[in-house]
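Inside the fold
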Number of protein chains: 2
Amino acid sequence: MAVTEAQPGNERVRGGGKARERILEAAYDLFAHRGIQAVGIDAIIAHSGVARQTLYRHFSSKQALVLAFLERREELWTKDWLQSEVKQRSADPEQRLLAVFDVFDGWFRSPGFEGCSFINVMLEITDPADPIHRAGTSYLVKIRDFLEDLARSAGIADADNFARQWHILMKGSIVAAAEGDQDAALRAQQIATIALRDAKRLEPWSRPLLGKPSPH
Amino acid sequence: MAVTEAQPGNERVRGGGKARERILEAAYDLFAHRGIQAVGIDAIIAHSGVARQTLYRHFSSKQALVLAFLERREELWTKDWLQSEVKQRSADPEQRLLAVFDVFDGWFRSPGFEGCSFINVMLEITDPADPIHRAGTSYLVKIRDFLEDLARSAGIADADNFARQWHILMKGSIVAAAEGDQDAALRAQQIATIALRDAKRLEPWSRPLLGKPSPH
DNA sequence: AACGAATCAGACTGATCGTTCTCCCTCCGT
DNA sequence: ACGGAGGGAGAACGATCAGTCTGATTCGTT
């Protein structure tokens, strides 16, 4: 937090908004839709209407700007959109898990579908030691943590494995949507439904009932 | 076919193989592991040990070289490896479908795991009109066609939807493996198993028995 | 021996990359 | 009124990009 001491009544007049905000908005749109390597600093400058030096005053390098983009992506996409929408659609953890694909369905059919920036960045920057690659994977882990919490709340035994499986369905459907399959979310949800049923059916002893009937 | 009139005893001596072959081998390794945009012509020249002009004699542009790489990728990865391995492990279409993830399991645990170049290229070149993007998606369609044939042979009713679902599991597991989950193939296979059981159980009327019990 | 085609080696072009620098203007707090 | 900071416009940097050109060398074939 604390975007360089942002107290009220501090905004620059030129251009309607603060320069840093305009830069991040332009970077967000461009990086999300065209990827990292295909977007140059010049394109971000042009789209934000900001001076060259102003960009480098707020972000020390392109890498810093990319990392800031990913941070904002988690804020806007993961938290404010995906998790928020899922929680809003149901209070039941099982229904929330399935709601992920309802939310995805609307996403896949939206005109400006951009795919998952975390996946894109991780696959685009192949070096595992690169901070950008590491950031992409770490934000994917946070999504998986959200799924794991839901699975645990739903009384699923191996919540880790289940969350990873659910995430595989999510990521696979996103790639399929990028290929052009607008029904990818529904197809994934079909499998997810029977996977969830199976996870609940195979290990009913794991659900909290009375005591703990666990082995020995 | 016909790599510029390749009759026996025609090979250039310098470097052990024909120049075109060395270029394609270098491009294959570099593009598959580092992506398209991150690999420059200079890197391919250096790794192939070929002269600059020699490369442009065989490939008119970088785009042409990328398209040749994808074509070879389908030959080596899709046909000679994936489909060949799957067919070798079983003759039963259902077992062949499941064997995909056995093959993937070995792939995910191999040291130089490079991911799926068709997915990578499609996500890296976001413009759907770009020939490279189109090539990537078209080779993914061919993989799906292979799955659809297996599904049809297995007597699954909606083979198209089933193949797309299977492909979602495959692509999702590949992305998960790129994140570092070496057990991604096993996780996907667990879901695939119950999905296959469900597809066979829900529509037993669709299997060829005696006559055709189809509606009206 | 001689020829042409293929390859090699490297300079070179123009464009673009990320980044730095300079100069000027405008604002805000004092 | 003044100073300093933030921003705008643009030149310029060195590096790299894809692609072209030249000239010498080596090959297979005759």
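First things first, this report covers the structure right here in the doc. (Residues numbered from 1 in each chain as written. Chains lettered and ligands numbered in written order. Predicted model: local features only at pLDDT ≥ 70, side-chain atom pairs only at ≥ 80, totals over all residues. Heavy atoms only, no water.)

A few words on the overall build of chain A. When helices and strands are counted, chain A shows nine helices and zero strands. Along chain A, helices (α) and strands (β) appear in the sequence α-α-α-α-α-α-α-α-α when read from the amino end. (Helix = DSSP H or I, 4+ residues; strand = E, 2+ residues; numbered from the N terminus.)

Time to look at the side chain of D105 of chain B. Residues and elements named next belong to chain B. Examined against the element boundaries, D105 turns out to sit in helix α5 (residues 93–108). For D105, a relative accessible area of 16% corresponds to the buried category. Ignoring any residue separated from it by four or fewer positions in sequence, one finds D105 in contact with Q182, A185 and L186. (Buried < 20%, exposed > 50% of the residue type's maximum accessible area, 1.4 Å probe, protein only. Contact = heavy atoms within 4.5 Å.)

With 35 residues of chain B at the interface, the matching set in chain A holds 35 residues. In this assembly, chain B packs against chain A so that about 3,100 Å² is buried in total across both faces, 61% of it on carbon and sulfur atoms. On the surface where chain B and chain A come into contact, there are six salt bridges. Close ionic contact of R197 of chain A with D198 of chain B constitutes a salt bridge, the shortest N to O distance being 3.9 Å. One can count 14 residue pairs in polar contact (both at pLDDT 80 or more) joining chain B with chain A. Going through the elements one at a time, α1 (19–34), α6 (117–124), α8 (159–179) and α9 (184–202) of chain B are the ones with two or more residues in the side of chain B that touches chain A. A per-element tally of the side of chain B that touches chain A places α8 of chain B first, with 13 residues. Grouping the constituent residues of the side of chain B that touches chain A by class yields 15 nonpolar, nine polar and 11 charged. (Buried area = accessible area lost by both parts, 1.4 Å probe. Salt bridge = Lys/Arg side-chain N within 4 Å of Asp/Glu carboxyl O. Polar contact = N/O pair within 3.5 Å; in protein donor to acceptor, adjacent residues only side chain to side chain. Nonpolar A, V, L, I, M, F, W, Y, C, P; charged D, E, K, R; others polar.)

Around DNA strand C there are 21 residues in total, and I41, R52, Q53 and K62 of chain A together with R57 of chain B lie nearest to it. In this structure, a base oxygen belonging to DNA strand C sits 2.3 Å away from a side-chain N or O atom of R52 of chain A. Between DNA strand C and the protein, one listed contact pairs a phosphate oxygen with a side-chain N or O atom of K62 of chain A at 2.7 Å. Those elements giving two or more residues to the surface near DNA strand C turn out to be α2 (41–48) and α3 (52–58) of chain A together with α1 and α3 (52–58) of chain B. The element contributing the most residues to the surface near DNA strand C is α3 of chain B, with four residues. Across the surface near DNA strand C, the residue classes tally to six nonpolar, six polar and nine charged. (Near = heavy atom within 4 Å.)

Here we come to the packing of helix α5 (residues 93–109) of chain A against helix α8 (residues 159–179) of chain A. Residues and elements named next belong to chain A. Where α5 meets α8, the axes come as close as 11 Å, and the angle between the chain directions of the two elements is 10°. Taken as axis vectors, α5 and α8 run roughly parallel relative to one another. Counting all contacts with α5, which are made through L97, L98, V100, F101, F104, W107 and F108, the residues of α8 involved are F162, W166, L169, M170, S173, I174 and A177. Looking at side-chain class alone, the contact of α5 with α8 contains 13 nonpolar, one polar and no charged residues. (Axes fitted to C-alpha atoms, helices over the stretch in contact; angles between N-to-C directions. Parallel < 35°, antiparallel > 145°, perpendicular 65-115°, else oblique.)

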